[in-house]
Amino acid sequence: MNLPVAVPLPGGLYFADTGYYMERQTKGAGLVQGEVNLPAFIWSTPFDFLGGHVEAIAAVPELSIGDHTAGISATSFYNSAALIGEVWNLGGGWSVSEFVGTFFPVKTYNGETLGIGGNFWTFTDLAGIAYNSADGWSLGANLTFGLSGNDPAFGFQTQPDVLDVDFSAIKHIGKWELGFIGNASGDVSKAYRNGWGAHPYSQVALGGLVGYTFGTVTAEVFATRSVEARDQAPYLGNVSPGLGQYDTRVWGRIIIPLWNPPAPAAPVVAKY
């Protein structure tokens, strides 16, 4: 939410680290708490193609999850991701983007036992649209589709295909930014982890954001709360339907430009 995925970035390398704390009271279980760290590198390449600017994204997330009633707690890396795509400046403040890539397999306790990620490939399509006005408004939305392959341990698709959307409306006032954010997600296919379609996951969350720019570094704090939730947990056969109710998440993000190419030297004009 509020990442400039659909905004053409000046050439260079950027680091964006997003972390959040999640707390969810579940039905038939205890208080589930999670901490997630999402470090990502964004490379705005020197290349253009078909009228768009080529960029690449790589992320290596980490996840800690626990249910104190059930005595479950685990920390591990999550499925890493790599995407490449283009951003088109349409003029008038509008821009769009299209990225394709994959989440890589990872075999962890979180993935194999808790059903959060896992040992399979997930093809990912990420499309975005953004509008930036002259008076400081930034509007954006990103749509992500995830198509998962088979888990080799089972020989079939355990993770359902998913569709995610996030959106933001942010007002920039000097170095400050303040606005409204939200996200929604849900299963769009049948698989083992949603009871072969009997317990499809879906959720909608809304919240607010405040941020400040220190020189070239931007820091943001935001929070979201579920306003709609259904089966907000994988269905693993031994879990009662409806597990995973409304949750609250508190987020923090920092965006740092790591490197930008030097500007070309001005031409030397000789006088005669």
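Preceding this paragraph is the structure being described.
A brief look at the structure comes next.

The rules behind these values
Each residue is numbered by its place in its chain's sequence as written, counting from 1. Reporting in this predicted model follows two pLDDT cut-offs: at least 70 for local features of residues, and 80 or more for side-chain atom pairs to be given and counted; totals over whole chains, interfaces and linings ignore these cut-offs and use all residues. Excluding hydrogens and water, the side-chain values take into account all heavy atoms of the structure. Helical segments are the DSSP runs of H or I of at least four residues, strand segments are the runs of E of at least two, and each set is numbered from the N terminus. Each residue is assigned to one of three classes by its accessible area relative to the maximum for its type, calculated with a 1.4 Å probe on protein chains only: buried under 20%, partly exposed between the two thresholds, exposed over 50%. Residues count as neighbours in contact if any of their non-hydrogen atoms are within 4.5 Å of one another. Two strands pair under a simple rule: DSSP has to find at least two bridges between them. We call a set of buried residues a nonpolar core when its members are Ala, Val, Leu, Ile, Met, Phe, Trp, Tyr or Cys and they connect through side-chain atoms within 4.5 Å of each other. Cavities and pockets are defined on a 1 Å grid built over the protein atoms alone: a cavity is a set of grid points where a 1.4 Å probe fits but cannot escape, while a pocket is an open set with protein on both sides within 12 Å along at least five of seven lines, and lining residues are those with an atom within 4 Å of any such point. Grid points are joined across faces, edges and corners, and a volume is the space filled by probe spheres set on the points. Each residue is assigned to one class: nonpolar for Ala, Val, Leu, Ile, Met, Phe, Trp, Tyr, Cys and Pro, charged for Asp, Glu, Lys and Arg, and polar for all the others, Gly among them. Whether two aromatic rings pair depends on their centres lying within 6.5 Å, for rings of Phe, Tyr and Trp, where Trp uses its six-membered ring; planes under 30 degrees apart make the pair stacked, over 60 edge-to-face, and the rest tilted. The term polar contact refers here to a pair of N or O atoms within 3.5 Å; inside protein, the definition further demands a hydrogen-donor-capable atom paired with an acceptor-capable atom, and it admits residues adjacent in sequence only when both atoms are side-chain atoms.

Within the chain, the secondary structure is distributed over one helix and 14 strands. For the chain, with 272 residues in total, the buried portion stands at 43%. Residue pairs in contact within the chain that sit at least 24 positions apart in sequence constitute 57% of those at least 6 positions apart.

This brings us to the pairing of strand β11 (residues 176-187). Here strand β10 (residues 162-173) pairs with β11 via 12 bridges, running antiparallel. Along β11, the bridge assignment pairs Ile173 with Trp176. Alignment of β11 against strand β12 (residues 202-214), held across 11 bridges, turns out to be antiparallel. Directly across from Ile181, in β12, lies its bridge partner Gly207.

Next up on the list: the nonpolar core. Ranked by internal contacts, the top residues of the largest apolar core, which has 13 residues, are Ile181 and Phe222. Secondary-structure elements contributing two or more residues to this core are β1 (12-25), β2 (31-49) and β4 (62-67). Membership of the second largest hydrophobic core comes to 10 residues, among which are Leu9, Tyr14, Ile42 and Phe99.

What follows deals with the side chain of Gln203. Secondary-structure assignment places Gln203 in strand β12. Taking the relative accessible area as the measure of exposure, Gln203 reaches 7% and is therefore buried. Once you skip the residues sitting within four places of it in the chain, Gln203 turns out to touch Asn183, Ala184, Ser185, Glu228, Ala229 and Gln232.

Taken as a whole, the second largest pocket holds about 640 Å³ of empty space. Around the second largest pocket, the lining comprises 32 residues; the ones closest to its centre are Asn2, Pro4, His172, Glu177 and Ile255. Those elements that place two or more of their residues in the lining of the second largest pocket are β1, β8 (122-132), β9 (137-148), β10, β11, β13 (217-230) and β14 (247-259). For the lining of the second largest pocket, the leading source of residues is β9, giving five residues. A class-by-class count of the residues in the lining of the second largest pocket yields 17 nonpolar, 11 polar and four charged.

As a further point, take the packing of aromatic side chains. Under the defined criterion, the tally for this structure stands at 10 aromatic pairs. Ring centres of Phe104 and Trp121 lie 5.4 Å apart, and the angle between their planes is 65 degrees; this geometry places the pair in the edge-to-face category. In this pair, Phe104 is assigned in the loop between β7 (94-103) and α1 (109-112) and Trp121 in the loop between α1 and β8, connecting sequence segments 17 residues apart. We classify Trp121 as partly exposed; its relative accessible area is 48%. In textbook terms, an aromatic cluster arises when at least three aromatic residues are bridged by ring pairs, as seen for Tyr20, Phe222 and Trp251.

Now for the side chain of Thr124. Take Thr124: it is sitting in strand β8. Among the residues examined, Thr124 registers a relative accessible area of 3% and is labelled buried. Residues within four places of Thr124 in sequence aside, it is in contact with Leu83, Phe99, Val100, Gly101, Thr102, Phe103, Thr144 and Phe145.

Let's shift gears to the pairing of β9. The side chains of a regular strand alternate between both faces of the sheet. Alignment of β8 against β9, held across 11 bridges, turns out to be antiparallel. Across the sheet, Leu126 pairs through a bridge with Thr144, a residue of β9. Between the antiparallel neighbours β8 and β9 lie four residues, among them Gly136 with a positive phi of about 95 degrees. Inspection of the sheet shows β9 paired to β10 by 10 bridges, in the antiparallel sense. Of the residues in β10, the one forming a bridge with Leu143 is Val165.

What follows concerns the environment of Trp88. Looking at where Trp88 falls in the secondary structure, it is placed in strand β6 (residues 81-91). Sequence separation between Trp88 and Glu98 is 10 residues; the distance between their C-alpha atoms is 8.8 Å. Among all residues touching Trp88, those that are not within four sequence positions of it are Phe49, Leu50, Gly51, Gly52, Trp94, Ser95, Val96, Ser97 and Glu98. At 3.1 Å, the side chain of Trp88 forms a polar contact with the backbone oxygen of Leu50.

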